[in-house]
Amino acid sequence: MWLKFEQRPEPSRLMRYLSPLLAVGLMVASGMLLFHLLGKSPVEGFKVFFLNPIQDKYGVAELFLKATPLILCAVGLSVGFRGNIWNIGAEGQLLIGALAGGGLALHFHDSSSLLLLPAMIIAGALGGMFWAAIPAWLRTRFNANEILTSLMLVYIAELIVSWLVHGPWMDPDGFNFPQTRLFQAKATMPILVAGTRLNAGLLIAVGALIAGWIFMNRSFMGYQMKVAGQAENAGRYAGFSARRTVWIGMLVGGAMAGIAGVAEIAGPVGQITEHISPGYGFAAMIVAFVGRLDPVGIFFSGLLMALLYLGGEQAQQYLALPYSISKVFQGLLLFFLLCSDVFITHRIRWKK
Amino acid sequence: MQPSLLSSILFATIVAGTPLIIAAVGELVTEKSGVLNLGTEGIMSMGAVAAFAVTVHTGNPLLGILAGMAAGMVMGLIFAVAALTFMANQVASGLALSIFGVGLSAFIGKPYESVALPSVAAWNVPGLHRIPVLGHAFFEHQGLVYFSWALLGGVAWFLYRSRLGLVLRAVGEAPVAAHSVGYNVVRIRYMAVLFGGGMAGIGGAFLSVFYTPLWVEGMVAGRGWISLALVVFATWRPARVMVGAYLFGGCMITQMFVQGSGMHLNVPSQFLSALPYAATIIVLVLISHNKNTIRLNSPASLGQPFSPEA
């Protein structure tokens, strides 16, 4: 081996904050290398991908719009991740939340009540919680691995959405397109900035960030989650219930993902289709990690990840690259972060 | 001669189970060394796209399989660097590999989405394939099906009858002890991860070159995750992987046979498509509810990082 890691006497605080920046730097560098390999100018690629999307008011609004579901899901997931609860099914919880909220909007299509939208949000949270409760119950009752069960439920949720929009919920006047009718005005999020698509969902996301910060840093339950995650045995000796950690971690994650689902269908999508989410639930895991499982960090990493989505759209349009380049960047970012985290606890020593 | 319905069902079950066997056996070896690689879904996707692209350009499916294996090993290497050298959290690294692999394969595969490959001819086992019913079911398959059986036997022999297999299991059970008697834990784990990656790559190659044969984004459709569940189902024993894989294979082809048989079931197709995923959950529950089966059988150091100097 040409390099060796040497344990630091104590974890470096500086590296804790530098490592996400290092990861972003490495991602940008390897992205430019990728553009070069694809025969595009790296500088041009960088401009199109990272700068073009946010050069005007509309672009910045789109950035916050895309960040909304990512931040919502990531705050919820980070609560579980802190307690070593690996809910990787946020995507499915988001979809079921969207169905619960959207079902309400379809059922009360003629309602003019101001309560419709709040009711949809609550229904979405409950729907997401229900979908997350399944792996939580299977884990606490039958010891079944929540990673695999929550993920399997994503595929099942996708099929339920597909069934509903092809069947019972299909728009009767929609020329047989697999989608529901468009939601009425009372069932959609109010627009925050005129001339853009930015809607009140962002306010919910900011509220979730604040609530998440209080929960994690100021509540006893948040402290228990952290202890359970960092030192399982210590948590057990202190009498913290492992079952309760699982339930809280999963349910908070499910509720947030469900709300994110409603924010999408009552926001930019405006109806239920098969394409409610371009993988927000999965990208949110990266947001949570890059944000250090901390609400402040999640806010910034949510914006960064939203930029990667927008950059992918731009790259598709101006560089004729497939949209999936966004996911390549997302995966790279998480990798670099996980690797650069070693410098928090270790120093490099070069060997001759 | 028209193969009977039973014979066709057995045949299709075996075909559907084959990529699961290959990927799950690879993951089994990885996990036996104490490393949990959750990246199988991403590795299979990369294996599938690499195999498809190479087969399209060379016209040679064998080269395609090798490309799939190579792609899988590169993916395994990326994971190993993160999880073994940089000591990153194995769960998070595996998730990263899955997200990365699914994304990158979609990116690479875009130009191939409208291309179709000619289907690869089956190789009938001389003599045996003439047995009524069973002959068609078991002995008129494409090469990789026989490979999956050889792989199972080979890995079972390797793990329980060979010296190196013993070392591998020792590394998974007690890395500190293995290290102190002079084995290079990190290097052995690297080998196990590369083997697992290569096999998952071949599993993906089977899907895109032999099974469908075409490439569409998302075609692995959770088979990588199902393979991971299969390892738990098999309680880390190779022979049980086969049983599990064919159970899932049967689940996956149910839809085909229900639709093809002209039965008038009043069930939406999506419900039948959900069967394999629901079955995975049920199987996990059945196996896991006895905590002792899991604790006694899973490698003791599974998922825990190891640092040679600590």
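The notes below deal with the structure included here. The structure presented is a predicted model; accordingly, all values stated were derived computationally and were not measured.

What about the environment of L286 of chain B?
Residue and element names in this part refer to chain B. In this structure, L286 sits in helix α13 (residues 275-288). Exposure remark for L286: the relative accessible area of 54% places this residue in the exposed category. Expressed as a C-alpha distance, the spacing of L286 and Y183, which sit 103 residues apart in the sequence, is 37 Å.

A closer look at the side chain of S98 of chain B
Residues and elements named next belong to chain B. Here S98 is to be found in helix α4 (residues 90-109). Taking the relative accessible area as the measure of exposure, S98 reaches 5% and is therefore buried. Contact partners of S98, with chain neighbours within four places excluded, come to L38, G39, T40, E41, G42 and W225.

Observations regarding the interface of chain B and chain A
Residue-level contacts link 44 residues of chain B with 42 residues of chain A. Here chain B meets chain A over a buried area of about 3900 Å², counting both sides, of which 84% is carbon and sulfur. The three residues of chain B that bury the most area against chain A are F86, I99 and F107 of chain B, which together make up 18% of that side's buried surface. Where chain B touches chain A, the interface holds 0 salt bridges. Taken together, the elements giving at least two residues each to the side of chain B that touches chain A come down to α3 (61-85), α4, α10 (223-233), α12 (269-273) and α13 of chain B. In terms of residue class, the side of chain B that touches chain A is built from 29 nonpolar, 10 polar and 5 charged.

Some words on the packing of helix α2 (residues 40-58) of chain B against helix α9 (residues 185-211) of chain B
All names here are of chain B. As a packed pair, α2 and α9 sit with axes 6 Å apart at the nearest point and diverge in direction by 55°. Judged by the inter-axis angle, α2 sits oblique to α9. In terms of crossing hand, the pair formed by α2 and α9 is right-handed. Each of T40, I43, M44, G47, A48, A51, F52 and T55 in α2 lies in contact with α9, whose residues at this interface are G197, A200, G201, G203, G204, A205, L207, S208 and V209.

Thoughts on unusual backbone geometry
Glycine aside, residues mostly have negative phi angles, and peptide bonds mostly take the trans form. All names here are of chain A. Phi at N176 takes a positive value of approximately 65°, unusual for a residue other than glycine. For N176, the position within the fold is in the loop between α6 (146-166) and α7 (201-218). Although it is not a glycine, R292 adopts a positive phi angle of roughly 60°. Structurally, the position occupied by R292 is in the loop between α11 (280-290) and α12 (295-318).

Topic: the nonpolar core
If you look at the biggest cluster of nonpolar residues, it comprises 199 residues, and the most contacted ones within it are I272 and I325 of chain A together with W225 of chain B. Sort the elements by how many residues they give to this core and α9 of chain B lands first, with 14 residues. In this structure I325 of chain A touches L34, F35, F49, G312 and A315 of chain A together with F107 of chain B, once residues within four positions along its chain are discounted. By size, the runner-up hydrophobic cluster in this structure holds 5 residues, among which are I85, A132, V246 and M250 of chain A.

Notes on the packing of aromatic side chains
Summed over the entire model, instances satisfying the criterion amount to 23 aromatic pairs over all chains. For the pair F130 of chain A and W131 of chain A, a centre-to-centre distance of 6.0 Å together with 55° between the ring planes defines the contact as tilted. Ring geometry for Y146 of chain B versus W149 of chain B: centroids 5.7 Å apart, planes at 75°, classification edge-to-face. With a gap of 3 residues between them, Y146 of chain B and W149 of chain B both fall in helix α6 (residues 143-161), about one helical turn apart.

Conventions adopted
Residues numbered from 1 in each chain as written. Chains lettered and ligands numbered in written order. Predicted model: local features only at pLDDT ≥ 70, side-chain atom pairs only at ≥ 80, totals over all residues. Heavy atoms only, no water. Helix = DSSP H or I, 4+ residues; strand = E, 2+ residues; numbered from the N terminus. Buried < 20%, exposed > 50% of the residue type's maximum accessible area, 1.4 Å probe, protein only. Contact = heavy atoms within 4.5 Å. Buried area = accessible area lost by both parts, 1.4 Å probe. Salt bridge = Lys/Arg side-chain N within 4 Å of Asp/Glu carboxyl O. Nonpolar A, V, L, I, M, F, W, Y, C, P; charged D, E, K, R; others polar. Axes fitted to C-alpha atoms, helices over the stretch in contact; angles between N-to-C directions. Parallel < 35°, antiparallel > 145°, perpendicular 65-115°, else oblique. Left-handed = near helix turned anticlockwise from the far one by under 90°. Core = buried A, V, L, I, M, F, W, Y, C linked by side-chain atoms within 4.5 Å. Phe/Tyr/Trp six-rings, centres within 6.5 Å; stacked < 30°, edge-to-face > 60°.

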